[in-house]
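Close look at the chain arrangement
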Amino acid sequence: MTKITRVMIVDDHPLIRQGLRMVLSTEPWLEIVGEAGDGQEAIEAARQVEPDVILMDLNMPRMDGIAAINKIKPELPQTQILVLTSFSEKGHVFPAIKAGASGYVLKDIPTEELLEAIRDVHEGRSSLHPA
C-alpha cells in the first residue's frame, strides 16, 4: 500500500485554494489536511496538522511565504515546502530556497507536473521549475 502524502495548501486566493483542493483530492495518494490564507495562518495550521508537504504561495498579506517558510522549517524540519507561485524571477527563487523550500514551481504548470513535484519533495528530492 502506498503511503499517503499529507498536503497543506497556502494561498491568499480562496479560489486557488479551492481549485487545488479539488484537483489534489482526486489523487488516492494525497490527503488535504489543511489550508491557510496567509503566512501567519500557515504557521499556526502547520503546527496543528504537521503536513508532509506544504504548497506555499509567496505574495500574501500579513506575512509572505518566505517569512512563513523561515518560521516553519525550524519547527517542522520534516515538512517539505513546495513554493507554488507566479513569480519566476531569481529575486524570489533564491530567497525561498535559502529559507528552506524544497521546490519551486509556477502556477501555470500542468497538473501532472505539480503532482510529480509534490511527490519529489515528499521523497526528499528537490523540484525546480525549468523557467
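Structure: above.
Criteria and thresholds
Residues numbered from 1 in each chain as written. Predicted model: local features only at pLDDT ≥ 70, side-chain atom pairs only at ≥ 80, totals over all residues. Heavy atoms only, no water. Helix = DSSP H or I, 4+ residues; strand = E, 2+ residues; numbered from the N terminus. Rg over C-alpha atoms; globule rule 2.2 N^0.38 Å. Buried < 20%, exposed > 50% of the residue type's maximum accessible area, 1.4 Å probe, protein only. 1 Å grid on protein atoms, 1.4 Å probe; cavity = no way out; pocket = protein on both sides within 12 Å on 5 of 7 lines; lining within 4 Å. Points joined across faces, edges and corners; volume = space filled by probe spheres on them. Nonpolar A, V, L, I, M, F, W, Y, C, P; charged D, E, K, R; others polar. Expected span 1.5 Å × (residues − 1).

Within the protein chain one finds 5 helices and 6 strands. Sequence-ordered secondary structure for the protein chain, helices as α and strands as β, is β-α-β-α-β-α-β-α-β-α-β. A globule of 131 residues ought to have a C-alpha radius of gyration of about 14 Å, and the protein chain, at 13 Å, matches this closely. Looking at the protein chain as a whole, 47% of its 131 residues qualify as buried.

A volume near 170 Å³ is recorded for the largest pocket. Around the largest pocket, the lining residues are Ile16, Gly19, Leu20, Val23, Leu84, Lys107, Ile109, Pro110, Thr111 and Leu114. Contributing elements (two or more residues each) for the lining of the largest pocket: helix H1 (14–24) and helix H5 (111–122). When residues of the lining of the largest pocket are assigned to their parent elements, the largest contribution, 4 residues, is made by H1. Per-class residue counts for the lining of the largest pocket are 7 nonpolar, 2 polar and 1 charged.

So, on to H5. Here H5 spans 17 Å end to end across 12 residues, near enough to the 16 Å set by a 1.5 Å rise per residue. Two residues or fewer after H5 comes Gly124, characterised by a positive phi angle close to 90 degrees.

As a further point, take empty space enclosed by the protein. It is the rolling of a water-molecule-sized probe over the atoms that shows where space remains empty. Per the counting criterion, the structure on display carries 1 cavity of 30 Å³ or more. Considered as a void within the structure, the largest cavity measures approximately 30 Å³ in volume. Around the largest cavity, the lining residues are Ile9, Val10, Asp11, Ile16, Leu20, Leu55, Met56, Asp57, Leu84 and Lys107. Within the residue set of the lining of the largest cavity, elements represented by two or more residues are strand E1 (5–10), H1 and strand E3 (53–56). Looking at the lining of the largest cavity residue by residue, the class counts come to 7 nonpolar, no polar and 3 charged.

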